[in-house]
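Single-letter residue listing:
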Amino acid sequence: MKRQLSIVALAIAALTATAQETYQDATLLRPELNGTARYVGMGGAMEALGADISTMGTNPAGIGLFRHSTASLSFGIISQQDAAKMEGADKTHASFDQAGFVYSMRTGRNSFLNFGFNYTKSRDFNHILQAAGRANKSSQHEITYDKHDHKLFDLQEDDNGLYSNNLTCSQLDILHLNNTIYSPGSDLEWGFYESDSYNMLRQQYGYIGRYDLNLSGNIKDRVYLGMTVGIHDVHYNSYSEYDETFSDNYGGALVVDERRITGTGFDIKAGIIVRPIEESPFRFGLSVSSPVFYSLTTSNYTELHVVDNQSGRRSQGWSSGDYDFRLNSPWKFGASLGHTVGSSLALGVSYEFADYGKTDQRIIDGYDYYGYETSSSDRAMNYNTAKSLKAVSTLKVGGEFRPDPALAIRLGFNYVSPMYEKSGYKDLTLSSQGVYNSSSTDYTNWDATYRITAGLGYRFDKFNLDIAYQYNTTEGDFTPYYNPYYFEDIPESVKVSDKRHQLMMTLGYTF
């Protein structure tokens, strides 16, 4: 459809306390494998074997198996396979992965009380995504047009242009209304362009650092108990360029979006490991982790540029927002088995379960009489989360073989079931603060994740040197936007991937 454009620049200041959107939050919650090189080399399947500092964040009882104090430091490099070229983005980066210690204190002939602290980079956001496909005569701003046509929001006008206070109207909707859809005084005041193709290029970077404090011990070398309090430090950044080519050489639209999420969260983990048969080293473990209670701030700066080749006119606008929100991840449960054969072989199996469909996105309501912040669940967005995300099962298996007391060879494998429903989508018609502050329309439904790991370890005197390699791969379906009002001409969903190679090293000292 052809129409003239008006030249309007619009600024939006979204300062309301609010909740976030399902797919943005899911990016923060996707599980990863990281820790010491020994832990990674064995695929993380050490929750029942214990005696590795990284189990502090999965089954805290694993720290109860330490008989000596220890300290370790881990670092390495991560490289994304088949990453698109993007100015200012690098597919390979250095990574500081872990640093911590355990202090072990004997309390009886066969009993110990252990204290520990450990930092782990629990989530590495670095990823370059490129997706291009056919728009099939649809367009991003057609969603806005249809939302207005179905009276999902009321519009008002001031000196800056059109705006709406309805929660169903996003930042991007306002930009498209003023720069793409509405042209007062023209022959066709309301309309939209049909598009032939789209292209998305996005760079994500940043991390979540987890700081764990642990108290653990054992009873007669048969029962091991532990508790960990974790503090999570969030640093997420993204920059994207999304453009569409209009049909019939009419021009195109470009959306440049920058978003940043920072904040902290905390959780509590508890675990137990039991050696049921006194004469056997076989043991099993159970663990539970509370939700991570996040307190987060997000900010964005978004530009829209529209070109009409027929009229020769240009239109552009920008919006920005800065607001606080709360997010509670789901409960997580774990079960594990471990067995050793003498001092030459160790085998472990671990299983974790978390239902991400029960993630709770919360709205800040204000403060009570005593000055404490109050919040409530964003029911509309949580309903969409329940439809778009699901329970995730993680299976980890690993082993360590020592042909010599000083040398260790390790292998591991992980399977992580999909977090996203294949039919899930970003619903921008919800009456939700998450929609009101949204500045993008795309979403990716990632499939299952597979990890293959390997490692070597060498011990000399009181020192140990470990190296590990991890290959992590997952694929997903990228969709630029979803329009629930129009099912004939819809954009093409395309395959994207996240394939990473990680090489890391741990230096340790036992005292």
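Since we're looking at a predicted model, the values are computed, not measured.

### Some thoughts on the pattern of salt bridges
Piece 1. Scanning all chains against the criterion turns up 25 salt bridges.
Piece 2. Note that Arg500 and Glu32 form a salt bridge whose closest N and O atoms lie 3.3 Å from each other. Taken together, the residues span a long stretch of sequence, with Arg500 in strand E22 (residues 494-510) and Glu32 in the loop between helix H1 (22-29) and helix H2 (37-41) at a distance of 468 residues.
Piece 3. The partner of Asp196 in a salt bridge is Lys137, with the nearest N and O atoms 3.4 Å apart. Of this pair, Asp196 sits in strand E8 (residues 195-219) while Lys137 sits in the loop between strand E5 (127-134) and helix H3 (140-149), placing them 59 residues apart in sequence.
Piece 4. Three or more residues joined by partner-sharing salt bridges are found here, namely Arg30, Glu32, Arg123, Asp498 and Arg500.

### Some remarks on the packing of aromatic side chains
Piece 1. Tallying each qualifying case throughout the model produces 22 aromatic pairs.
Piece 2. Measuring from centroid to centroid gives 5.3 Å for Tyr23 and Tyr443, while their planes differ by 50°, and the two rings are tilted. Here Tyr23 is found in helix H1, whereas its partner Tyr443 is found in strand E20 (residues 443-460), with 420 residues between them in sequence. The residues Tyr23 and Tyr443 share a single accessibility class, namely buried.
Piece 3. The interplanar angle of 0° and the centroid separation of 4.2 Å between the aromatic rings of Tyr193 and Phe246 together place this pair among those described as stacked.

### Structural notes on the nonpolar core
Piece 1. Within the largest apolar cluster, 36 residues are counted, with the highest numbers of intra-cluster contacts made by Leu28, Tyr294, Leu296 and Phe478.
Piece 2. The set of elements that each furnish at least two residues to this core consists of H1, E5, E8, strand E9 (223-246), strand E12 (293-308), strand E13 (314-328), E20 and E22.
Piece 3. Sort the elements by how many residues they give to this core and H1 lands first, with 4 residues.
Piece 4. What Phe478 contacts, discounting residues up to four positions off in sequence, is Leu129, Ala131, Tyr198, Met200, Asp442, Tyr443, Thr444, Glu492, Ser493, Val494 and Val496.
Piece 5. In this structure, Ala37, Tyr39, Ala468 and Met504 belong to the second largest nonpolar core, which totals 10 residues.

### Here's the deal with the environment of Gly371
Piece 1. Inspection of the secondary structure assignment puts Gly371 in the loop between strand E16 (360-367) and strand E17 (373-377).
Piece 2. When the C-alpha positions of Gly371 and Ile208 are compared, they lie 29 Å apart, and in sequence the two are 163 residues distant.

### Regarding the pairing of E20
Piece 1. Inspection of the sheet shows strand E19 (residues 407-416) paired to E20 by 10 bridges, in the antiparallel sense. Of the residues in E20, the one forming a bridge with Asn414 is Arg451.
Piece 2. Taken together, the 16 bridges between E20 and strand E21 (residues 463-479) define a ladder with antiparallel strand orientation. Bridging from a neighbouring strand, Thr453 pairs with Gln470 of E21.
Piece 3. Between E20 and the antiparallel strand that follows it, E21, lie 2 residues; Asp461 among them carries a positive phi value of about 55°.

Definitions and cut-offs
Residues numbered from 1 in each chain as written. Predicted model: local features only at pLDDT ≥ 70, side-chain atom pairs only at ≥ 80, totals over all residues. Heavy atoms only, no water. Salt bridge = Lys/Arg side-chain N within 4 Å of Asp/Glu carboxyl O. Helix = DSSP H or I, 4+ residues; strand = E, 2+ residues; numbered from the N terminus. Phe/Tyr/Trp six-rings, centres within 6.5 Å; stacked < 30°, edge-to-face > 60°. Buried < 20%, exposed > 50% of the residue type's maximum accessible area, 1.4 Å probe, protein only. Core = buried A, V, L, I, M, F, W, Y, C linked by side-chain atoms within 4.5 Å. Contact = heavy atoms within 4.5 Å. Pairing = 2+ DSSP bridges.

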